[in-house]
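Notes for the structure review
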Amino acid sequence: MTEHAESPRPGQAHMASHETEKTDGHGAGLAVTTAAFAFLLLRLFAVSGYDWHTAFAVLHTLDLDDTIGLVLGTVMADSFASVLFLTLLLPVAVLRLVMEARAMREARNRALAEGRPAERPDLAGAMLLLIAVVAVVAYVGTFHSWWVLLVMAAVGGLVLGIGYGVRAGGQLRRAAFWATRHLVALAGLAMLLGAATITTPWVPLERIEMRDGKDLRGYVMQAEPGFLKVLTEHGRHFHILTDQDVRSREELVGH
């Protein structure tokens, strides 16, 4: 007697697909959380000179709400991180806006063919491009680093080429998908590598004039009424100064 395997019912197939999506979502969320924790841990050790006690002291100057400020401060405080971030942000923002415009046009054509109203446009791509343009203009105008525009043009050509390859077919499509997967992995690795090697903290460098006549160059990691928590520029020593110890503070501008 030949036995036939019972085919899954539509409801069962839908439930299996739903469970797979939930598993994929949980896996992606865990990966993002792990990467964020690794980024924070590497930043703590990098700015502390990989000294356990100093990193522990710096940790207690942070709050959970400081995560965005820590990431943006890392990018803005170090010139290499700033250039790397901007050269990737602007081309990716342009590519996203182009892809959103194409998808919007296709959706509008389908809506007209089906006789239903078109969906409202998504302005996320336009807002991302606006932020990228403002950041690039501010950086180039401040530091007169016009060569950054040439690097952005080269990176933009690469990103747009990959975007075109994804829409094409054959060998170019497969090569584009391979490059895209590896670029995402390399971008994540570059972020963690930068977190581990960029020793500049996420706050400005200051010159602190002490009442005993000495000057202290360092980073004010926390300023509370009555005291300052300072990480020195050289040696990366952690000091707690009272208001009575400090005469004045001057921010040292420049990369």
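1. Here we look at helix α5 (residues 124-143)
- With 20 residues, α5 extends 29 Å from end C-alpha to end C-alpha; this agrees with the ideal 28 Å at 1.5 Å per step.
- For α5, the complete set of buried residues consists of Gly 125, Leu 129, Ala 132, Val 136, Tyr 139 and Val 140. On an axial view of α5, the arc spanned by its buried residues comes to 100 degrees, and they lie on one face. The exposed residues of α5 that point more than 90 degrees off its buried face are Ile 131, Val 134, Val 137 and Thr 142.

2. Remarks on the environment of Gly 188
- Inspection of the secondary structure assignment puts Gly 188 in helix α7 (residues 170-197).
- For Gly 188, a relative accessible area of 30% gives the class partly exposed.
- Separated by 153 residues in sequence, Gly 188 and Ala 35 have C-alpha atoms that sit 8.2 Å apart.

3. A short note on the nonpolar core
- With 13 residues, the main nonpolar core has Val 58, Trp 202 and Met 221 as its most contacted residues.
- Of all the secondary structure elements, the ones that give two or more residues to this core are α1 (10-47) and β2 (215-224).
- Ranked by residue count, the leading element in this core is α1, at 3 residues.
- Counting 12 residues, the second-largest nonpolar core is a separate cluster that includes Leu 89, Ala 93, Leu 129 and Ala 132.

4. Comments concerning the packing of aromatic side chains
- A full pass over the atoms with the stated rule returns 3 aromatic pairs.
- Aromatic pair Phe 45 and Trp 52: ring centres 5.7 Å apart, planes at 45 degrees, arrangement tilted.
- For Phe 45, a relative accessible area of 17% corresponds to the buried category.
- Accessibility expressed as a relative area gives 63% for Trp 52, which makes it exposed.
- Summarising the aromatic geometry, the rings of Tyr 139 and Phe 143 are spaced 4.9 Å apart at their centres and angled 45 degrees between planes, so their arrangement reads as tilted. Remark: Phe 143 and Tyr 139 occur in helix α5; sequence separation between them is 4 residues, near one turn of the helix.
- Its relative accessible area of 10% is what places Tyr 139 among the buried residues.
- By relative accessible area, Phe 143 is classed as partly exposed at 32%.
- An aromatic cluster is present here, built from Phe 45, Tyr 50 and Trp 52 joined pairwise through their rings.

Parameters and conventions
- Residues numbered from 1 in each chain as written.
- Predicted model: local features only at pLDDT ≥ 70, side-chain atom pairs only at ≥ 80, totals over all residues.
- Heavy atoms only, no water.
- Helix = DSSP H or I, 4+ residues; strand = E, 2+ residues; numbered from the N terminus.
- Expected span 1.5 Å × (residues − 1).
- Buried < 20%, exposed > 50% of the residue type's maximum accessible area, 1.4 Å probe, protein only.
- Arc of directions from axis to C-beta.
- Core = buried A, V, L, I, M, F, W, Y, C linked by side-chain atoms within 4.5 Å.
- Phe/Tyr/Trp six-rings, centres within 6.5 Å; stacked < 30°, edge-to-face > 60°.

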